[in-house]
Amino acid sequence: IGRELVHLRDPIDIDYLYDNYYGEKENVALCYVAPTHRDRGQRETFAFCNFIEKEFGVKILYHPFTQPYDHSKRMPFPEFINYINRSSFCINFDKWYGVGQCGLHCASLGTIHIGGTSDSNLELFPETSVNDPKKLKNVFEDLYFNMDNRINYIQKVFQQINSKYSLSVIKQRIKEL
């Protein structure tokens, strides 16, 4: 078609999420499964959550969802964000490639996203954006038990999301086009 293809990241209002939802974290892992389609890594997500619960004594937080998906029973956005915010980790072995809203919400709120292969996960959480439980076991163990490493990782991810996905960065990118 004679035009250059331009990729724009999905912007997120980091300040809004941080100012309105950020709060104390519990040392728990949210078991997040995408309810909208089958075979998006739900089985693998549950298996990894069961493993870290038994292996490391991690408390797992489960959000309510319906299967098959029923749009009328969707969790309201504030409730969903509160699940992410109160958790130190979000386990989500989603197999689909896409933008990855969950990873963006996690990065904005200081929650470490484990698993998943979406664009935002690959860019913001490169050490944990794989769906291989053997590889993730050691990374998770280090981040769960070593608080200094956890804090450093969260700070690195927060700097990345602000420099790549914030509203002001995306607005400037649009102006440059």
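Just so it is clear, the model here is predicted, and its values are computed rather than measured. (Residues numbered from 1 in each chain as written. Predicted model: local features only at pLDDT ≥ 70, side-chain atom pairs only at ≥ 80, totals over all residues. Heavy atoms only, no water.)

Time to look at the environment of tyrosine 62. Of note, tyrosine 62 is situated in strand E2 (residues 59-62). In this structure the C-alpha to C-alpha distance between tyrosine 62 and serine 108, which are 46 residues apart in sequence, comes to 21 Å. If near-sequence neighbours (up to four positions away) are discounted, tyrosine 62 is found in contact with Cys31, Phe46, Cys49, Asn50 and Tyr83. (Helix = DSSP H or I, 4+ residues; strand = E, 2+ residues; numbered from the N terminus. Contact = heavy atoms within 4.5 Å.)

Following the criterion strictly, the structure yields five salt bridges and no others. Between glutamate 26 and arginine 86 there is a salt bridge whose closest N-O contact spans 3.1 Å. One end of the pair, glutamate 26, is in strand E1 (residues 26-31); the other, arginine 86, is in helix H3 (residues 77-86), with 60 residues separating them in the sequence. What makes glutamate 26 partly exposed here is its relative accessible area of 31%. Among the residues examined, arginine 86 registers a relative accessible area of 31% and is labelled partly exposed. Note that lysine 95 is salt-bridged to glutamate 44, the shortest N-O span being 3.2 Å. Here glutamate 44 lies in helix H2 (residues 42-56) and lysine 95 lies in the loop between strand E3 (87-91) and helix H4 (101-109), a separation of 51 residues in the sequence. Judged by its relative accessible area of 30%, lysine 95 falls in the partly exposed class. What makes glutamate 44 partly exposed here is its relative accessible area of 28%. (Salt bridge = Lys/Arg side-chain N within 4 Å of Asp/Glu carboxyl O. Buried < 20%, exposed > 50% of the residue type's maximum accessible area, 1.4 Å probe, protein only.)

This part takes up the layout of surface pockets. Volume-wise, the second largest pocket comes out at about 260 Å³. Along the walls of the second largest pocket sit 15 residues, with Tyr22, Lys25, Leu109, Gly110 and Ile154 positioned nearest its centre. Contributions of two or more residues to the lining of the second largest pocket are made by E1 and helix H7 (147-164). When residues in the lining of the second largest pocket are grouped by element, the largest group, five residues, is from H7. Considering only residue class, the lining of the second largest pocket consists of seven nonpolar, four polar and four charged. (1 Å grid on protein atoms, 1.4 Å probe; cavity = no way out; pocket = protein on both sides within 12 Å on 5 of 7 lines; lining within 4 Å. Points joined across faces, edges and corners; volume = space filled by probe spheres on them. Nonpolar A, V, L, I, M, F, W, Y, C, P; charged D, E, K, R; others polar.)

One open sheet accounts for four strands, arranged E2-E1-E3-E4; its pairing is parallel. Among the strands making up the open sheet, the edge pair consists of E2 and strand E4 (112-114). This sheet shows a mean twist of 30° between the axes of neighbouring strands, independent of strand direction. Two elements, E3 and E4, share three bridges in a ladder whose sense is parallel. Its bridge partner being in E4, phenylalanine 89 is matched across the sheet by isoleucine 112. Contacts from H3 reach E1, E2 and E3, with the element oriented near 110° to E3. Together, E1, E3 and E4 form the strand contacts of H7, whose direction differs from that of E4 by roughly 95°. (Pairing = 2+ DSSP bridges. Axes fitted to C-alpha atoms, helices over the stretch in contact; angles between N-to-C directions.)

As for its placement among the helices and strands, serine 120 is situated in helix H5 (residues 119-124). Accessibility expressed as a relative area gives 0% for serine 120, which makes it buried. With residues up to four places along the chain from it excluded, the contact list for serine 120 reads Val99, Gly100, Gly103, Leu104, Phe125 and Tyr165.

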